[in-house]
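Commentary on secondary and tertiary structure
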Amino acid sequence: MANHYIHVGSITNAMRGKSLLEQQGIRAYVHRTTNPPQGDGCGYSLLVTGNLGQAKETLVRAGVRVVRISDAL
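Everything quoted here is computed from the prediction, not taken from an experiment.

Here we come to the packing of helix H1 (residues 11-23) against helix H2 (residues 52-61). As a packed pair, H1 and H2 sit with axes 10 Å apart at the nearest point and diverge in direction by 125 degrees. Judged by the angle between their axes, H1 and H2 are oblique. Taken as a pair, H1 and H2 cross one another with a handedness that is right-handed. Where H1 approaches H2, its residues Gly17, Leu20 and Leu21 are matched on the opposing element by Ala55, Thr58 and Leu59.

Taken together, the four strands give an open sheet; going across it, the order is E2-E3-E1-E4, and neighbouring strands pair in antiparallel fashion. Strand pairing shows two members of the sheet lacking a second neighbour, strand E2 (27-32) and strand E4 (68-71), which therefore form its edges. Across the sheet, the axes of successive neighbouring strands diverge by a mean angle of 25 degrees, strand direction being ignored. Here six bridges tie E2 to strand E3 (residues 44-49), and the two strands are oriented antiparallel to one another. Directly across from arginine 32, in E3, lies its bridge partner tyrosine 44. Lying on the sheet, H2 is in contact with strand E1 (3-7), E3 and E4; it crosses E1 at an angle near 20 degrees.

Reading the values: rules and limits
Residues numbered from 1 in each chain as written. Predicted model: local features only at pLDDT ≥ 70, side-chain atom pairs only at ≥ 80, totals over all residues. Heavy atoms only, no water. Axes fitted to C-alpha atoms, helices over the stretch in contact; angles between N-to-C directions. Helix = DSSP H or I, 4+ residues; strand = E, 2+ residues; numbered from the N terminus. Parallel < 35°, antiparallel > 145°, perpendicular 65-115°, else oblique. Left-handed = near helix turned anticlockwise from the far one by under 90°. Contact = heavy atoms within 4.5 Å. Pairing = 2+ DSSP bridges.

So this is what it looks like as structure tokens:
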């Protein structure tokens with residue numbers, strides 16, 4: 001099972017997204033990116049284990065802005 005970072009840009013979206021994902025049974029952790037790239041906002045992301053497609057769909061449907069997705073090493 002792969003882990004991914006779903007970059008959401010703000011702490012508000014990260015906390016809201018974590019709660020939404022956990023309600024769907026998807027484990028998620030709030031992560032702060034040091035030196036985020038231009039366009040990533042404040043640099044917050046969700047470390048997600050499990051179904052990435054379902055996680056992204058849940059966030060987008062709830063109005064959480066997904067900035068980008070990257071693999072967690």
